[in-house]
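An overview of the molecular structure
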Amino acid sequence: MTDVYLSGKYLGTVDEPQKFADALIQSRRAGQLSANVNVYYDREIDAVNVESLKGRLRRPLIVVKDGQPLLTADHIKRLQRNEMSWSDLIKQGVVEYLDAAEEENAYVAFFKRELTRQHTHLDIAPLAMFGLTTSLVPFTNYNSAQKVNTGSKNQKQAIGFYAANFPVRMDMDVNLLHYPQIPLVKTIMHDIVDYAKHPAGQNLVVAVMSYKGYNMEDAVVINRGSIECGLGRGSYYRPMVAEELRYSGGLVDEISVPEKDIKGYRSEHDYRFLEDDGIVYPEAQVAEGDVVIGKTSPPRFLSGMEEYSLSAETRRESSSAMQHGEAGVVDTVILTENAEGNRLIQVKLRDDRTPEVGDKFTSRHGQKGVIGLIVPHADMPFSASGIVPDILFSPHGIPTRMTMAHLIELVAGKTGALSGRYVDGSVFDSESEADIRKELLRLGFSDNGLETMYNGETGEAFSVRIYVGSIYYLRLKHMVANKIHSRARGPIQLLTRQPTEGRAKEGGLRLGEMEKDTFVAHGSSMLLKERFDSDKTTVPVCDNCGLIAVYDEYKKRAYCMVCSESETSFVELSYSFKLILDELKNLCIYPKLKLVNKY
Amino acid sequence: MADIPKEFEYLPQGVLSRVKGEAPASKLKAVLGKVSEEFNNMQVSPGESVGLVAAESIGEPSTQMTLNTFHFAGVAEMNITMGLPRIIEVLDGRKNITTPMMDIYLEKPYSQGQDIKKIALSIKETLLRDVASEITINLADSRIEVIPDDAKLAEIGMTKPGVVSALKGQIKGVSVDLRKEFISFRLKKKEEGVNAIFKMKEKIKTLVIKGVKGISQVLPVKRGNEFIIITAGTNLKKILQMPMVDVTRTVSNDIFEIEAVLGIEAARQAIINEVYKVIENQGLNVDIRHMMLVADTMCNSGVIRGITRYGTVKEKVSVLARASFETPIKHLIDASLHGETDYLNSVVENVMINQPVPVGTGMVKLAMKEEQKK
C-alpha cells in the first residue's frame, strides 16, 4: 500500500506504485492528462507525488524508448519545413517537461551516442542547461563557474545594435555601437537568437602582454589607430521632455521662447538655439546651460502683494536646459501629446562616445577592465606579418581567474579570422582545441598562438614570444563621460548652507563621521576645523541674553530682538549649529550662549 | 632602592628592579639612561586621542568578526556566545549574560585527574524534582509527600537520609522528615491554609539537594597537562570556598559576579580578559592597551558601567556630547530642566560648533608675557 499525494494533499493509496506512476506518465504522453502534470514515485518513503501546481521549475527532454529517442530524423525534417511545431512534439509525447522531482526517476543521457537501454530521456542539447546570455559565452565548459556568471552578466551591459528602429524610439539613456560585428567564435545560441541582427561587440586582435605598466590591475592598453578606425565608437542618446501642464484656474504652461520680463529669465544667449515655436532645431550643437525647450509657467502663488502689483501677471521660467557637464547634438524633435491630452515635446539628444581612458571593456569571459592608456598606432608592438594588436591584455589576469575559455577563444578567433570562417564554441559540443590548433598550423602559424613581436618604439624583437589572436570584445555602458565629477567651488544647500551632494548637483564628497574620526585620531584639529568650515558664518550674539541677534544692514548695527538695547558680539560658528540652536528653541529649550574671549 | 640615582626614580618599580637585577652595578647609570630614554619614547604624547584610537581599534576589527558561537567539540548543548555578541555583552555591561560559565582550576592531587569526575558531579546542581518520582499533596495530613527515585539517587551517589539532611534548614518554617516510603514536608505553623501548601510545593521542587546552586552542567577537560572543570552557570562565591579549588586561577565569565566577589579591580581585569579572549579567538590583532583603557573607563567609578547611554555616556559632563549619542531630545530636555552649562571642553561639542577640537594641534595655546611698562 503506497500513499498517493496530489499537489501535496493526501488522496489515497495504490498497491503497485510504479505501475501507477508509469500509467499516469503514459496517459500524459498520450495527451489524456495535461502536459503540466508531473509524477514522482519516491521509493525511500514509498509515496507517489503528483504535482500540478504552478511554480515548479521544469525543463524539456526528449523521451527515450528502448534506447532509441522518439525524436526521429523525420520529425526534424518536418520541423525544418515548418510542417510541425514545438507544441506538436509535446502533444505527440516526443518531448516532455520534467520537474525537479520527476527528474529523480529519470535517467537522462547527455548525448545521443551515450544512450543505453536503461535511459528514459535524452537531453535536447547541453546548451539547454544554461540561460540565454550564458549560452552566448563560447567554450563555457572550460571556464570556472563564477566567471561564466560574470561573463554572462557583462554581456547584458554591452553596448551594441540594440534595436533596428532606434532612430524613431525615445529610449532613456541608451548607447549604440557604430560598427558592431558578428563574433568569429559563436555558439549555436548566436544562430538561434539571430545574434547577427543585433550584435554587441567587435572582434579585436588581442596580444597578451604588459605595456609599461599601463595595463596592470585589469586595465587594457588600446591602439589609437584602432579607435580611429572605429573600435568601440558609439553614440549616447538621452531624451529631454517638456509638457504643457494645466493648472487650476485655467492657467497653462506655454512652450515658447520666454519673454524677457518673466521671472527667472536666463539670458538671451542661452535661448539662442530656440526656433519661433520655442523648441531647438535638429542638429543644433548644444552645451551646458543651453535651453533645449523653452517653457514658461504661470506664477506659483497668487497671493499677497503680487496680486495687486503691476507684475502680477509675471510668469515663471521653467525651460528644460542642458545640465552641468552635458553636451551633445539634437537628434530628433518629436511633438506629441500625452495620455491627459497635454502637449508633449520630446527632444532626443545624441553625443559621441569615443573610447577614452577609463572606459570599460570586457571579453565574454568576465575578463573586464578599463582603458589604462591609448597608444599611437606607431608605438604599438607588431608581429612579423605586420599585424598590430588592437588591445594589450595583461597576462596577470589569467592565473587567479582561470578563464581558460578566454585563452581558447583567442586561438579559435585567430584561426577563424585566418581561414575566413566562424568557429563553433558551443558548451560541451564545441570544435576541439586540438583541431583548431592543427588548422592554425596548416595556415602557417604557430599552433600554440605564440608569435614573435617587435617593440613599436624601438623596433627590437621582444625576447619572449607573445600570445596573440582574436577575441570578441564588448564595450560596456559604464563610461567616463557619464561619471566624471569634480568640485572646487559650487552650489550649496539652502537650509544648511553646506555643499550639495551628488554629481547631478555638482556636489562635493562628504567628509562624514568616520572620516572626521581619522582627523581626530591624528590630532589634526586645525585641519579638521578647516574641512568643516564649509558652512562657516559670523553671527552677532547678544551679550545679555545669549541668543543670536540680528544685523541691520541699513543702520550697520547689530541688535538683539529680545533685549534691544544690549551690546552684541560677533561669533564665528558653523551655520548648522545655528540651526540646532533654532531647533532647540522650537523644543522650548533656551540655548543661552555665554561668551568668553578666546584670547 | 637606595642605589638608584635620583633622576631615574620616576621609572616604574618593575622596570627598576629588573634593571637592578640584570645590569652590573658599574654600568647601572648608563643602562638606566638608555632605559629611561626608551621608556619616554614609548609613552603616549600629550594630546594623543587615545580614547578615539582605542574605540576605532576595537570597533574596526569587530566588523570583520564572524557572528558565530563557539561549540565544544563532541559535547551536546554546550555552546558559548563568542564573537561580536560577546564583546557587545561585555562592553554594554549586561547583568544577565547569555552563557555564564566558569573554568575551575584544582589543587595539586586533583588537578592531575584524581577524583575529577566525582568532584565535577559534586559541583553540579541537582534539584529535588530531578530525583523525585512523585510529588503529592496529602491534604488530610496537610503535608507534601515526595517519593524519591532510588535509581536516580544511586546515580548521583546519595541516600535518602542524605537527601533529607541536605534539605533540612533550606526552607524556613517547614519540617522535613524521612518516612518509610517518602519524604514528608510539613508546615510548622498548623493554622496555615491550603494555599500555603500549594506554594510550598513549588518551592520544594527547586530545592538543591546536592551541588552548587546555579551550576547546571559540568565538564571535566584536560587543559595543558592538568584537569580543569568547565561549568555552565556560575557561582564563584561557593566554588571558591571549596577546599580542592585553586582559588588563584579559577575564573567566571560573569563580570558582575566577579565584581561582587572579588572587587572592582578583578572586574576590570575580567573585562580585559573577556574582550581579549574573543579578539584572539577570531585571529585578530588588537593591542591590549586599548582594552585596558576601555575597562578603565568602565570601572573607574567603583562600579561597572557599560558603554551605553545609561552607563559611561550618561556620566559625560557635556550636554551636547550626550545628545550626540542616542536619544538627543531626552538629554537636551533634561539639561534644560536642570539649567546645565556646557563648557565645550571635549571633542564632539567642538566639532558641532566648528571650533578646534582639544586634541593634538588643537590643544596647544600660545602664552605670552606682556611687557611691563617702565
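Residues numbered from 1 in each chain as written. Chains lettered and ligands numbered in written order. Predicted model: local features only at pLDDT ≥ 70, side-chain atom pairs only at ≥ 80, totals over all residues. Heavy atoms only, no water.

To continue, consider the sheet that holds strand 18 (residues 295–297) of chain A. Residue and element names in this part refer to chain A. If you walk across this open sheet you meet the three strands as 15-18-19, and the pairing is antiparallel. Each having just a single partner strand, strand 15 (254–255) and strand 19 (316–317) make up the two edges of the open sheet. Note: strand 18 against strand 19, two bridges, orientation antiparallel. Bridged to S297 within strand 19 is R316. (Pairing = 2+ DSSP bridges. Helix = DSSP H or I, 4+ residues; strand = E, 2+ residues; numbered from the N terminus.)

A word on the domain arrangement of chain A. Partitioning chain A into domains gives domain 1 (2–124), domain 2 (140–233 + 357–475), domain 3 (238–353) and domain 4 (523–586). Relative to domain 4 of chain A, the C-alpha centre of domain 1 of chain A lies at a distance of 81 Å. (Domains from an automatic or database assignment.)

On to the sheet that holds strand 21 (residues 327–337) of chain A, then. Residues and elements named next belong to chain A. Taken together, the five strands give an open sheet; going across it, the order is 10-14-22-21-16, and neighbouring strands pair in antiparallel fashion. Sheet topology places strand 10 (174–177) and strand 16 (285–287) at the edges, where each strand pairs with a single neighbour. Across the sheet, the axes of successive neighbouring strands diverge by a mean angle of 40°, strand direction being ignored. Bridge count for strand 14 (residues 234–243) against strand 22 (residues 343–353) is ten bridges, and the pairing is antiparallel. Among the inter-strand pairings, Y236 is bridged to a residue of strand 22, identified as D351. (Axes fitted to C-alpha atoms, helices over the stretch in contact; angles between N-to-C directions.)

Here the focus is the interface of chain B and chain A. At the interface, 23 residues of chain B touch 22 residues of chain A. Taken together, the connections running from chain B to chain A amount to zero salt bridges. Our count for the contact surface shared by chain B and chain A stands at ten residue pairs in polar contact (both at pLDDT 80 or more). For the side of chain B that touches chain A, the secondary structure elements donating two or more residues are helix 3 (50–62), helix 16 (328–338) and helix 17 (347–352) of chain B. For the side of chain B that touches chain A, the element with the most residues is helix 16 of chain B, which contributes four residues. Taken together, the residues of the side of chain B that touches chain A sort by class into 13 nonpolar, eight polar and two charged. (Contact = heavy atoms within 4.5 Å. Salt bridge = Lys/Arg side-chain N within 4 Å of Asp/Glu carboxyl O. Polar contact = N/O pair within 3.5 Å; in protein donor to acceptor, adjacent residues only side chain to side chain. Nonpolar A, V, L, I, M, F, W, Y, C, P; charged D, E, K, R; others polar.)

This part takes up the packing of helix 9 (residues 404–419) of chain A against helix 10 (residues 433–442) of chain A. Residue and element names in this part refer to chain A. As a packed pair, helix 9 and helix 10 sit with axes 9 Å apart at the nearest point and diverge in direction by 45°. Relative to helix 10, the element helix 9 lies oblique. Here helix 9 and helix 10 pass one another in a crossing that is left-handed. Contacts between helix 9 and helix 10 involve V411, A412, K414, T415, L418 and S419 from the former and I436, R437, E439 and L440 from the latter. Of the residues belonging to the contact of helix 9 with helix 10, the class tally is five nonpolar, two polar and three charged. (Parallel < 35°, antiparallel > 145°, perpendicular 65-115°, else oblique. Left-handed = near helix turned anticlockwise from the far one by under 90°.)

Below, the discussion takes up the environment of A:M1. All names here are of chain A. The residue M1 is located in the segment before strand 1 (2–6) in this model. The exposure class assigned to M1 is exposed, which follows from its relative accessible area of 69%. Separated by 248 residues in the primary sequence, M1 and G249 place their C-alpha atoms 80 Å from one another. For M1, the residues in contact, after removing those within four places along its chain, are T13, V14, D15 and D46. (Buried < 20%, exposed > 50% of the residue type's maximum accessible area, 1.4 Å probe, protein only.)

Residues and elements named next belong to chain B. Listed in full, the buried residues belonging to helix 12 (residues 255–262) are I255, F256, E257, I258 and E259. Here the buried face of helix 12 lies against helix 4 (83–91), helix 11 (236–240), strand 12 (251–252) and helix 13 (264–281). If you check the start of helix 12, you find a side-chain oxygen 3.1 Å away from the backbone N of F256, and it comes from D254. Positive phi appears at G263, one or two residues downstream of helix 12, with a value of about 105°.

This part is about the pairing of strand 8 (residues 183–187) of chain B. All names here are of chain B. Of all five residues making up strand 8, four are buried, and the element is well covered by its neighbours. Pairing geometry for strand 6 (residues 143–148) and strand 8, over four bridges, is antiparallel. Residue pairing for strand 8: R143 is matched across the bridge by R186. In this antiparallel pair of consecutive strands, strand 7 (residues 174–178) and strand 8, the connection spans four residues.

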